[in-house]
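# Tertiary structure, described
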Amino acid sequence: MRLKADGNGTLTNSGNIIRDKKGGITMAFVSSGYNPDKPMGDRITDIGPRHFEEFYPPVIKNNKGKWLYHEILEPGVYVHVSETGDEVYTVRVGGCRLMSVEHIREICEIADKHCGGYLRFTTRNNIEFMVDSKDKVKPLVDDLMSRKQDGGCYKFPVGGTGAGITNIIHTQGWIHCHTPATDASGPVKATMDVLFDDFRNMRLPAHLRVSLACCLNMCGAVHCSDIAILGYHRKPPMLDHEYLDKMCEIPLAISACPTAAIKPTKVKLDDGTEVKSVAVKNERCMFCGNCYTMCPSMPLADDVGDGIVIMAGGKVSNRISAPKFSKVVVAFLPNEAPRWPSTTSCIQKIVEAYANGARKYERLGEWAERIGWERFFEKCELEFTHHLIDDFRDPAYYTWRQTSNFKF
């Protein structure tokens, strides 16, 4: 490669410019196809997503910003009406987070057959099929409800709208994650089986959000859901001293601990060999598993110590009251694969008590605060222990403007 200078102190190479300022090169573009003055010119790469407007159904694209209102016609079916008079009908069905290629192809086949190839996924893993005419709704719903698994359950149950239970958002679980204290897909399937009737109708006082995180690192939304299923470790990590220094960078494992419970040490093995390792201060350990992420020789999973915590009362909405964090209402339930009967029974009791006792539009946490948390435990037939007392109050709790609610 050769560069040449022109009379203005500019170095050029095959039409590309390298600017020389006070004897130093400040920027250099020596590739043959990139012009820094026109960064998008002659772009041939397909890196990055295509523009989202390419995937709008025509009725959505033509009425963007013109929608007047929407209403739910029946569970799982709602309509948006535009100021132009156009309407779009949406049919929501329950989906799953982990899908096979065959299942996705079937979803696309339904979209091609009824919706011109358009569909969308919600943040809670529901699938929504959109049509531009009311006449197309019933054939679509009938087709969706006619498709069943070999065992007899619905592939695409219609529902999940309004004052009912929508799909459970969840994390990875045993199938992918390395630090789970419970599974994700298993408890979610078992829980939705017992709550399925409330997915298909709208009998509850308000909508009810259920979430699952398989450990307290929480890549799910359990901190602010009406009912939350949280996987919880109860034992500190085990230490494989023989391989720890060979497999791990000890400083990384130490710095990964949020409570400074890990410190370096030296350990003498059974054969008399002294090796570098770590020690864990058990009373400081919060069982998060961050150390295992950094060091495979510090596994945390335990068939007896791992289990489920049930939390309740959280929400994100500003309606009626400010957003709330979930509170622990059941300190521990064992992992009972494959159907998790203790967990599903507990959740079913909470839902029934809420359905029978709350006022219209009242979320679960608002109902519990109105009747008192003591009564909440009685109504839901839950045992109260000292582990559940929540008395922490940051001084700023009373002064922060935490919400969009007016505060005087």
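One can find the structure itself at the top, above this paragraph.
Residues numbered from 1 in each chain as written. Predicted model: local features only at pLDDT ≥ 70, side-chain atom pairs only at ≥ 80, totals over all residues. Heavy atoms only, no water.

## Thoughts on the nonpolar core
Convention followed: By nonpolar core is meant a set of buried Ala, Val, Leu, Ile, Met, Phe, Trp, Tyr and Cys residues that side-chain atoms within 4.5 Å join together. A 1.4 Å probe rolled over the protein chains alone gives each residue an accessible area, and that area as a share of the maximum for its type sets the label: buried under 20%, exposed over 50%, partly exposed in between. In this description a helix means any DSSP run of H or I spanning at least four residues, a strand means any run of E spanning at least two, and both kinds are numbered starting from the N terminus. Residue contacts follow a heavy-atom distance rule, with two residues in contact if any of their heavy atoms lie within 4.5 Å.
Judged by nonpolar contacts, the single largest core of 38 residues is most densely connected at Ile-310, Val-329, Ile-350, Leu-364, Phe-376 and Leu-382. Secondary-structure elements contributing two or more residues to this core are helix 4 (185–194), strand 10 (210–213), strand 11 (227–232), strand 14 (307–312), strand 15 (327–334), helix 9 (341–357), helix 10 (364–371) and helix 11 (373–379). Per element, the largest residue contribution to this core is seven residues, and it comes from helix 9. What Val-329 contacts, discounting residues up to four positions off in sequence, is Ile-310, Met-311, Ala-312, Ile-350, Trp-373, Phe-376, Phe-377, Leu-382, Glu-383 and Leu-388. In this structure, Tyr-89, Val-141, Leu-144 and Val-158 belong to the second largest nonpolar core, which totals 20 residues.

## Brief notes about the state of the cysteines
Note the cut-off: Throughout, a disulfide means two cysteine sulfur atoms within 2.5 Å of one another.
Tallied over the entire structure, the rule returns one disulfide. One disulfide in the model links Cys-248 with Cys-295; its S-S distance is 2.0 Å. Between Cys-248 and Cys-295, the S-S dihedral sits near 70 degrees, and the bridge is therefore right-handed. Taken together, the residues span a long stretch of sequence, with Cys-248 in the loop between helix 6 (241–247) and helix 7 (250–255) and Cys-295 in the loop between helix 8 (290–294) and strand 14 at a distance of 47 residues. The exposure class of Cys-248 is buried, given its relative accessible area of 8%.

## Observations concerning the pairing of strand 12 (residues 262–268)
Working note: regular strand, side chains alternate between the two faces of the sheet. This is how it is decided: Here, a strand pair is defined by DSSP locating no fewer than two bridges between the strands.
Relative to strand 13 (residues 274–280), strand 12 runs antiparallel, the two sharing seven bridges. Paired with Pro-264 across the bridge in strand 13 is Val-278. The antiparallel hairpin formed by strand 12 and strand 13 contains five residues in its connecting segment, where Gly-272 sits at a positive phi of about 90 degrees.

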